[in-house]
Amino acid sequence: MKFIKRLLAAFFLFVVIAARADEGMWLPLFLQQLNEKQMRSMGMKITAADIYNINKGSLKDAIVSFGGFCTGEVISDKGLVLTNHHCGFDAVQNHSTLDHNYIRDGFWARNKAEEIPNPGLFVTFIVRIEEVTKAALAGVSPSMTEQERQSLIDKNIAGLRTTVKKEIYQDLFVRSFFEGNQYFLFVTETYKDVRLVGAPPSSIGNFGKDTDNWMWPRHTGDFSMFRIYAGKDNKPADYSIENVPYTPKRSLSISLDGMKEGDFTMVFGFPGRTTQYLHSTAVEQIVKVNDPAKIAIRDKALSVIDGFMRRDEQVKIQYAAKYAGISNAWKKWQGEVLGLTSTNAVEKKKLYEAAFQKKVDANPQLKEQYGALLADLDAAYQELNKYGLARDYFNETLGRIEAFTIGARLNNLAMAKEKNGDKGYREAVPKTAIALGEIYKEYSPEVDKKLFEVLMEKFTRDQPAEFLAPELVTLAKNSDYNFASIADEFYNNADLLNNPSKVLASLEANPDTVLAANKQSKTNQLYIQLNNYYYNTVTKKLNSIQARINQLQRTYMKAQMEVMKEKKFYPDANSTLRVTYGNVKGYQPRDAVKYDFYTYLDGVMDKYKPGDYEFDVPQKLRDLYKNKDFGPYGKNGKMPVCFIAMNHTTGGNSGSPALDAYGNLVGLNFDRVWEGTMSDINYDPSICRNIMVDIRYVLFIIDKYASAGHLVQEMKLVHPGKK
Ligand code: ARG
Ligand code: GLU
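1. What about the overall build of the protein?
Okay, so step 1: When you go through the protein residue by residue, the secondary structure sums to 26 helices and 22 strands.
Okay, so step 2: Projected onto its principal axes, the C-alpha positions of the protein cover 75 × 75 × 60 Å.
Okay, so step 3: In the protein, buried positions account for 56% of the 723 residues.
Okay, so step 4: Put simply, of all contacts in the protein between residues at least 6 apart along the chain, 78% involve residues at least 24 apart.

In structure tokens form, the structure reads like this:
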């Protein structure tokens, strides 16, 4: 019996370690060494050098970081860039007015003169990547504190900046990988004149909205289009009317063939943040403590905002983007808890840790070095637990209450005045005015007051006394925990700070009035008290435990790479360029339920609810559907919309190209499936899928729906299947 159990455990572990052909976000410069063979065995027809090559044009030259928060790709020789609708949304929103509502109606430039500049928006190309671990870690010794270590590394990196060869129009940055065990340098080119070319109406680009978000089957045409402009020399240049469309080193060809089950795909982009190498105790805390707490606080916040949005059209417009943002992570965390639970992620981590410990213990030298590592990590995370929870309460509560944010802005302004006098104040005003203007545009004192009432009550009732500022306790006790009455008192209408236009006017005319009002403001006084108390009771402690954890996790990472020789390691996402690959495949989320891997326009029509905020379908799209007028983009009388595959992606991969076996563009990544959002912590090939919009749907919308076929003319369309 024992033998069978052991055999099973060994087999299980083997499955855990070996079966994950699809897991990983790989560094492009190591593809040849680590991945090419496997990629080819999975169906790839090109070489690693076709993907990343610093000596001649390669696919990487068509990939950009879009604004630092999404990914985009160049799809024409005239600098046309494709990304998601939700990535370009800010630009679309900024150019929208009541008369020209591009969010509702879409926007398409009929010629280059109509393409709209977007101050502040940029795209960044990666010119080359170099490992610089030795230089970055020069002089670092194990006896250093985390702080000493970091400041030496910062100094080393500053030194690198002056010695590394690059053109004057290029930049460079250095990032830490594998928890600080390796360092890589990126030489980049950033273009700052990026103009909006087109976007579908949000009834296509964000079809299904929050209800369908993080879900499969999906029917969203989540794309928008921009163009990079450069100086006459094709080099980066600030916006100018004289600028010309950028001629890229490489643009992607577009395949019209579509994908079949099992086809090879890869996603090339800038994934933001993952934590794949956490200790099981940390994962357990995420599942049992942190995610549930954050979800519960957001439950409250969302229901407050939703209540007002339903009653008030004005609030609905003001809070739509905020609501979507709050609900995006809220929904993802729920999927994460579900997925980590259903795949026994904690148990799997423990099994893996046991195998690690066994190997370490079997070797006296390793045992000496790493024998206590797992126990130390466990202890450190146990110690972190309550402070981590206090941090989540603090961030999720204070971050939702806008009166606090407004107070904080004005406090900073007051500080600038204190430090640098009137001059300091004058310098700081424009930035503050812009920031406050942005906040007030999406602010209703009534909603904020209710959020204050509900969230501060939860904050006070849920938390242990040690994390409650004495002033808050007094306040609660004095009102008999009646937070509605506290809110009434705090948000009284006479308060200047609740009057946006007065605040903004007074910032210019008589600053002392606003600053004095802010000093008197009860919400701001409470905010300062909560902040100070948090800093002294939580931040300090959190920082010191976290420094210890960082050091332990770094050692654990190094140890795993030394000890678990059969495992291939990839670094956690850190907003740097990565390649992930996997086959097109459906999945089985639960017993007796199996999901197919493609959706069609028929599914859009199935979901169609006339006049609905999430599921309305524009008349023209309904007509095209009725007439089966799909142009060259449909297949067998049907119009493909979205598909899923096993690519390991995360936030930041939005807008990333999905490429076929030949490196042709076949889709645009924009989401993951609900059951698999835990792939940030523990990828599981059975339920982790990324969601892409089919490139043929994108072209169909541009050409047939928006009648912007001139843009398709710029692109290179291919049929790799007919080779
Ligand atoms: N879940 C996707 C991503 O994290 C899409 C978010 C935008 N769409 C939405 N309906 N909120 O970011
Ligand atoms: N929608 C996400 C983004 O904005 C991508 C989905 C994911 O997290 O995988 O980057």
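2. What about the site of ligand 2?
Okay, so step 1: Taken together, His86, Trp214, Thr649, Thr650, Gly651, Gly652, Asn653, Ser654, Phe670, Asp671 and Arg672 make up the full set of residues adjacent to ligand 2.
Okay, so step 2: Between His86 and ligand 2, the recorded distance is 3.0 Å, taken from a side-chain N or O atom to an oxygen atom.
Okay, so step 3: Taking Arg672, its side chain carries an N or O atom lying 2.6 Å from an oxygen atom of ligand 2.
Okay, so step 4: Of the residues forming the shell around ligand 2, the biggest block, three residues, is contributed by strand S20 (residues 665-672).
Okay, so step 5: Looking at side-chain class alone, the shell around ligand 2 contains two nonpolar, seven polar and two charged residues.

3. Some thoughts on the confidence of the model for the protein
In low-pLDDT segments, the atomic positions of the prediction should not be examined closely.
Okay, so step 1: Residues with a pLDDT of 70 or more make up 97% of the protein, whose mean pLDDT is 94.
Okay, so step 2: This stretch, residues 13-19, has a pLDDT under 50; its non-local contacts, to residues over four places away or in other chains, come to seven contacts.

4. Focus on the site of ligand 1
Okay, so step 1: The full set of residues close to ligand 1 is His86, Asn206, Lys209, Asp210, Asn213, Trp214, Asn328, Phe670 and Asp671.
Okay, so step 2: Asn206 places a side-chain nitrogen or oxygen 3.4 Å from a nitrogen atom of ligand 1.
Okay, so step 3: Between ligand 1 and Asp671, the relevant distance is 2.8 Å, taken from a nitrogen atom to a side-chain nitrogen or oxygen of the residue.
Okay, so step 4: Within the residue set of the shell around ligand 1, elements represented by two or more residues are helix H10 (209-212) and S20.
Okay, so step 5: Its residues assigned to classes, the shell around ligand 1 comprises two nonpolar, four polar and three charged.

5. Quick look at the packing of helix H18 (residues 470-478) against helix H22 (residues 522-563)
Okay, so step 1: Running from N to C, H18 and H22 point in directions that differ by 130 degrees, and their axes come no closer than 8 Å. On the basis of their axis angle, the class for H18 and H22 is oblique. For the pair formed by H18 and H22, the contact residues are Pro470, Glu471, Leu472 and Leu475 on the first element and Leu526, Gln529, Leu530 and Tyr533 on the second.
Okay, so step 2: Tallied by class, the residues present in the contact of H18 with H22 amount to six nonpolar, one polar and one charged.

6. Quick notes on the state of the cysteines
Okay, so step 1: Taken as a whole and judged by the stated rule, the model has one disulfide.
Okay, so step 2: Between Cys642, a free cysteine, and Cys87, which holds the nearest cysteine sulfur, the sulfur-to-sulfur gap is 14 Å.

7. A look at the pairing of strand S3 (residues 80-83)
Okay, so step 1: Side chains Leu80 and Leu82 project from S3 onto one buried face, and the interleaved Val81 and Thr83 project onto a second face that is buried too.
Okay, so step 2: Direction of pairing for strand S2 (residues 70-74) relative to S3: antiparallel, over a ladder of two bridges. Residue pairing across strands places Glu73 opposite Leu82, the latter belonging to S3.
Okay, so step 3: Counting the residues between successive antiparallel strands, the hairpin from S2 to S3 contains five residues, one of them, Gly79, with a positive phi of roughly 75 degrees.

8. Digging into the side chain of Asn118
Okay, so step 1: Note on placement: Asn118 falls in the loop between strand S5 (116-117) and strand S6 (123-131).
Okay, so step 2: When its relative accessible area of 8% is taken as the criterion, Asn118 is described as buried.
Okay, so step 3: Excluding residues within four positions of it along the chain, Asn118 makes contact with Ala91, His95, Val194, Arg195, Leu196 and Phe226.

9. Let's talk about the pattern of salt bridges
Okay, so step 1: Evaluation of the coordinates by the stated rule reveals 39 salt bridges.
Okay, so step 2: Of the charged contacts, one joins Lys607 and Asp212 as a salt bridge, the two residues approaching to 2.7 Å between their closest N and O atoms. In this pair, Lys607 is assigned in helix H23 (residues 601-607) and Asp212 in helix H10, connecting sequence segments 395 residues apart.
Okay, so step 3: A salt bridge links Asp263 to Lys260, with the nearest nitrogen and oxygen atoms 3.6 Å apart.
Okay, so step 4: Each of Glu115, Arg227 and Glu714 takes part in a single network of salt bridges with overlapping partners.

10. A look at the environment of Asp233
Okay, so step 1: Mapped onto the elements of the fold, Asp233 is located in the loop between strand S10 (224-230) and strand S11 (244-245).
Okay, so step 2: For Asp233, a relative accessible area of 52% puts it in the exposed group.
Okay, so step 3: Linking Asp233 and Tyr246, residues 13 residues apart in sequence, is a C-alpha distance of 9.4 Å.

11. Some remarks on the side chain of Asp671
Okay, so step 1: If you trace the backbone, Asp671 turns up in strand S20.
Okay, so step 2: Taking relative accessible area as the criterion, Asp671 reaches 7% and is therefore assigned buried.
Okay, so step 3: Among the polar contacts listed, one links the side chain of Asp671 to the backbone nitrogen of Trp214, at a separation of 2.8 Å.
Okay, so step 4: Leaving out residues up to four positions away in the same chain, Asp671 has contacts with Asn213, Trp214, Met215, Arg218, Asn690 and Ile691.

12. A few points about the packing of aromatic side chains
Okay, so step 1: Here the structure, examined in full by the defined rule, presents 31 aromatic pairs.
Okay, so step 2: When the centroid spacing of 4.7 Å and the interplanar angle of 55 degrees are considered together, the rings of Tyr102 and Phe107 count as tilted. Both residues of the pair, Tyr102 and Phe107, belong to the buried class.
Okay, so step 3: When the ring of Tyr587 is compared with that of Tyr595, the centres are 5.1 Å apart and the planes differ by 50 degrees; the resulting orientation is tilted.
Okay, so step 4: Looking at Tyr587, the relative accessible area reads 3%, which means it is buried.
Okay, so step 5: Ring-pair connections join several aromatic residues into one group, and the members of that group are Phe30, Phe173, Phe177, Phe184 and Phe186.
Okay, so step 6: Here Lys417 stacks its cationic end above the ring of Tyr425, 5.8 Å away from the centre of that ring.

13. Considering unusual backbone geometry
Okay, so step 1: With an omega of 0 degrees, the peptide bond between Trp216 and Pro217 qualifies as cis.
Okay, so step 2: For Pro217, the location among the structural elements is in the loop between H10 and S10.
Okay, so step 3: Phi at Asn234 takes a positive value of approximately 70 degrees, unusual for a residue other than glycine.
Okay, so step 4: Positionally, Asn234 belongs in the loop between S10 and S11.
Okay, so step 5: Positioned with a positive phi, Ser575 is a non-glycine residue whose angle comes to about 65 degrees.
Okay, so step 6: Along the chain, the position of Ser575 falls in the loop between H22 and strand S14 (578-583).
Okay, so step 7: Note on Ser575: relative accessible area 35%, which makes it partly exposed.

14. Some remarks on the pairing of S10
Okay, so step 1: Taken across its seven residues, S10 has seven buried, putting it largely inside the fold.
Okay, so step 2: What you see with S10 is no split at all: Ser224, Phe226, Ile228 and Ala230 on one side and Met225, Arg227 and Tyr229 on the other are buried throughout.
Okay, so step 3: With four bridges connecting them, S3 and S10 associate as antiparallel partners. Paired with Val81 across the strands is Phe226, a residue of S10.
Okay, so step 4: The pairing of strand S9 (residues 193-199) with S10 spans five bridges and is classified as antiparallel. Bridge pairing links Arg195 to Arg227 in S10.

The rules behind each value
Residues numbered from 1 in each chain as written. Chains lettered and ligands numbered in written order. Predicted model: local features only at pLDDT ≥ 70, side-chain atom pairs only at ≥ 80, totals over all residues. Heavy atoms only, no water. Helix = DSSP H or I, 4+ residues; strand = E, 2+ residues; numbered from the N terminus. Buried < 20%, exposed > 50% of the residue type's maximum accessible area, 1.4 Å probe, protein only. Contact = heavy atoms within 4.5 Å. Near = heavy atom within 4 Å. Polar contact = N/O pair within 3.5 Å; in protein donor to acceptor, adjacent residues only side chain to side chain. Nonpolar A, V, L, I, M, F, W, Y, C, P; charged D, E, K, R; others polar. pLDDT = per-residue confidence, 0-100. Axes fitted to C-alpha atoms, helices over the stretch in contact; angles between N-to-C directions. Parallel < 35°, antiparallel > 145°, perpendicular 65-115°, else oblique. Disulfide = S-S within 2.5 Å. Pairing = 2+ DSSP bridges. Salt bridge = Lys/Arg side-chain N within 4 Å of Asp/Glu carboxyl O. Phe/Tyr/Trp six-rings, centres within 6.5 Å; stacked < 30°, edge-to-face > 60°. Lys NZ or Arg CZ within 6 Å of the ring centre and 35° of its normal.

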